[in-house]
Amino acid sequence: MDSREYEFEGAKPDIHGYAHVSREATLVGDVTIGPNANVWPGAVLRGDVGPVEVGRQTAIGDGAILHASTAGEKVMVGHGAALNDAHVADGALVGFNSTVSDADIGDRSIVAMGTVVPPGYEVPSESFVRGSPAQVTPLSETTIDPDEVFEAYSSGDYANLAARHEDLFE
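Residues numbered from 1 in each chain as written. Predicted model: local features only at pLDDT ≥ 70, side-chain atom pairs only at ≥ 80, totals over all residues. Heavy atoms only, no water.

Ile33, Leu45, Ile60 and Leu66 are the most contacted members of the largest nonpolar core, which has 32 residues in total. Looking at this core, the elements with two or more residues in it are β4 (26-33) and β6 (44-54). Setting aside anything within four residues of it in sequence, one finds Leu45 in contact with Thr26, Leu27, Val28, Val31, Ile33, Val39, Val52, Val54, Ile60 and Leu66. Within the second largest apolar cluster, 8 residues are counted, among which are Ala59, Ala112, Leu139 and Phe150. (Core = buried A, V, L, I, M, F, W, Y, C linked by side-chain atoms within 4.5 Å. Buried < 20%, exposed > 50% of the residue type's maximum accessible area, 1.4 Å probe, protein only. Helix = DSSP H or I, 4+ residues; strand = E, 2+ residues; numbered from the N terminus. Contact = heavy atoms within 4.5 Å.)

A separate point is the sheet that holds strand β20 (residues 135-138). Overall, mixed pairing links the 8 strands, which are arranged β3-β5-β7-β10-β13-β16-β19-β20 in an open sheet. Either end of the sheet is taken by a strand with one partner, and the two such strands are β3 (20-21) and β20. Direction of pairing for strand β16 (residues 110-111) relative to strand β19 (residues 127-130): parallel, over a ladder of 2 bridges. By the bridge assignment for β19, Ile110 is matched with Phe128. (Pairing = 2+ DSSP bridges.)

Okay, the side chain of His67 next. You can see His67 is positioned in strand β8 (residues 65-67). Judged by its relative accessible area of 13%, His67 falls in the buried class. Every residue in contact with His67, bar those within four places of it in the chain, is listed here: Arg46, Asp48, Val49, Val52, Leu83, Asn84 and Asp85.

For the rest of this paragraph, the subject is the environment of Ala86. With respect to the helices and strands, Ala86 occurs in the loop between β11 (82-84) and β12 (87-88). For Ala86, a relative accessible area of 5% corresponds to the buried category. Considering only alpha carbons, one finds Ala86 and Gly120, 34 residues apart in sequence, at a separation of 9.9 Å. Among all residues touching Ala86, those that are not within four sequence positions of it are Ala68, Ser69, Thr70, Val100, Asp102 and Ala103.

Quick look at the pairing of β6 now. The pairing of β4 with β6 spans 7 bridges and is parallel. Its bridge partner being in β6, Val31 is matched across the sheet by Val52. Bridge analysis of β6 against β8 gives 3 bridges, and the strand direction is parallel. Paired with Arg46 across the two strands is His67, which belongs to β8. Bridge count between β6 and strand β9 (residues 70-71): 2 bridges; the pairing is parallel.

Moving on to unusual backbone geometry. For residues other than glycine, phi is negative in most cases, and the peptide bonds are mostly trans. A cis amide bond links Ser132 with the next residue in sequence, Pro133, at an omega value of 5°. Relative to the helices and strands, Pro133 is located in the loop between β19 and β20. Within the chain, Glu9 stands out as a residue other than glycine whose phi angle is a positive 45°. Residue classification places Glu9 among the exposed positions, given a relative accessible area of 72%. For Gln57, which is not glycine, the phi dihedral falls at a positive 60°. Positionally, Gln57 belongs in the loop between β6 and β7 (59-60).

Here it is, written out as structure tokens:
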């Protein structure tokens, strides 16, 4: 067990063999990291009061915090984002320094940088979320091209980048 992976009440992190987890990330308790996912330096994933699940090809950015939360497949969680008792569905993007607490983010939604999504929000699929507190707009009603955004921030590119950092990841 790496020095930054901690067991809690019998539960210990489960990291898929094809995942990339930085030696500088901290994983506690019931944490599952899926294949081709990547967890960057300074991230804290704490599965003590509830599990933390990180899906296939999902990127957890530097300094992000996930506590009792789920990030589906091909999700991007930006640097410094905080997820507490949150569910982020497949293909969604949570921007830098955003906070999502006791809320659900629908698939292929975009949460802008610095957004605060307060408890009880259920963001529909393919929405654009911004502000503090969050305001939700269907992506179809914005000038944002979601395919362009998801391509630009593709977690597949992050997996490739993680693989090139020989000394930073397990």
